[in-house]
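Architecture at a glance
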Amino acid sequence: MPMPIVALPADIREIEGGVWHASPNQYVKAALKVAEVMTFIIPAFEEGNDIDAILDRVDGVLISGSATNVHPSLYGRQATESDGPFDTARDATSLPLIRRAIDRGIPLLAICRGIQELNVALGGTLASEIQDQPGIWDHRKPPVLERDGMYAIRQPVFVQEGSCMAQYLGLTGEVQVNSLHRQAIAETAPRLKVEATAADGTIEAVSVIDAKNFAVGVQWHPEYWAETDAPSRALFQAFGDAVRTYAAGNTVKSVAA
Ligand SMILES: N[C@@H](CCC(=O)NCCCC(=O)O)C(=O)O
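Below is a summary of the structure that appears in this document. Since the model is a prediction, treat every value here as computed from it, not as a measurement.

Summed over all chains, the structure comprises four aromatic pairs. When the centroid spacing of 4.4 Å and the interplanar angle of 5 degrees are considered together, the rings of Tyr151 and Tyr224 count as stacked. Of the two residues, Tyr151 sits in the loop between helix H5 (147-150) and strand E8 (155-159) while Tyr224 sits in the loop between strand E13 (215-218) and helix H7 (230-247), which places them 73 residues apart along the sequence. By relative accessible area, Tyr151 is classed as buried at 8%. Centre to centre, the rings of Tyr224 and Trp225 are 4.9 Å apart; their planes meet at 75 degrees, and the pair counts as edge-to-face. Taking relative accessible area as the criterion, Trp225 reaches 21% and is therefore assigned partly exposed.

The structure is reproduced here in structure tokens:
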């Protein structure tokens, strides 16, 4: 069987005065090296992407993190200074891709900004500058220059027993993860089940209720240490297995409750 392919919506970046459609290497590398799937980076357009034509040609969807935030108008709020920076082309590409992948039972793994997009795509809302809320830790990117330090594994999250996430990570209870976000899920979308939280209550993982296939989101970054960190590796391998099963013409149902 040819190596399966997953779609990865790009960010819009300005580089040397030009507009680029870009994705960080850490996601495509983890997909190839650990999930053993190829990645097609999808250009981010406000309009013009034919979502079903894309999904007809891939076997999974991987949604990456980004320093930009989902535009608040997409979850019924007025934009304020603290809600930016924005990437509305990414929003316009990612949200429909998420909805149609779930409808069609195409395996979906959503990471950081991705879990936030998943929640908004299904009708949930987000909170900004969560570290300013009483009792909430500082989940932001550590103020260091080198990326290994930014993505250092440094925070416990607690995975629910019997959850999809427990199945895919191969564990229940505490797991150490990295953390680089200042937004988080506020109102959970009706079709999402919270499957892991931080000790301060921040939602760290969700699964899609009654999903036809693998369909989860995580607020942390399993891609960054996917080759060396056991839970990160397990999650990407489980995603890759679901993608291969889908590519072979079947779908895999999670055995978790
Ligand atoms: N912007 C959102 C999502 C954060 C996210 O995806 N972080 C990963 C990229 C980090 C970086 O490169 O700055 C939020 O802040 O919650």
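The next thing to look at is the environment of Gly48. In this fold, Gly48 is placed in the loop between strand E4 (38-42) and helix H2 (51-55). Separated by 44 residues in sequence, Gly48 and Ala92 place their C-alpha atoms 9.9 Å apart.

This part is about the site of the ligand. Lining the immediate surroundings of the ligand are 15 residues, of which Ser66, Thr68, Asn69, Lys141 and Gln183 lie closest. A distance of 2.6 Å is found between a nitrogen atom of the ligand and a side-chain nitrogen or oxygen belonging to Asn69. At a separation of 3.0 Å, an oxygen atom of the ligand approaches a polar backbone atom of Arg182. Summarising the interface, the protein chains cover 90% of the accessible area of the ligand, which totals 420 Å² for the free molecule.

With that settled, the discussion passes to the side chain of Ser128. Mapped onto the elements of the fold, Ser128 is located in the loop between strand E7 (126-127) and H5. Among the polar contacts made by the side chain of Ser128, one reaches the side chain of Gln183 at a distance of 2.7 Å. If we skip the residues at most four places from it in the chain, Ser128 touches Arg77, Ser82, Asp83, Gln133, Arg182 and Gln183.

What counts and how
Residues numbered from 1 in each chain as written. Predicted model: local features only at pLDDT ≥ 70, side-chain atom pairs only at ≥ 80, totals over all residues. Heavy atoms only, no water. Phe/Tyr/Trp six-rings, centres within 6.5 Å; stacked < 30°, edge-to-face > 60°. Helix = DSSP H or I, 4+ residues; strand = E, 2+ residues; numbered from the N terminus. Buried < 20%, exposed > 50% of the residue type's maximum accessible area, 1.4 Å probe, protein only. Near = heavy atom within 4 Å. Polar contact = N/O pair within 3.5 Å; in protein donor to acceptor, adjacent residues only side chain to side chain. Areas by Shrake-Rupley, 256 points an atom, 1.4 Å probe, with all protein chains shown as cover. Contact = heavy atoms within 4.5 Å.

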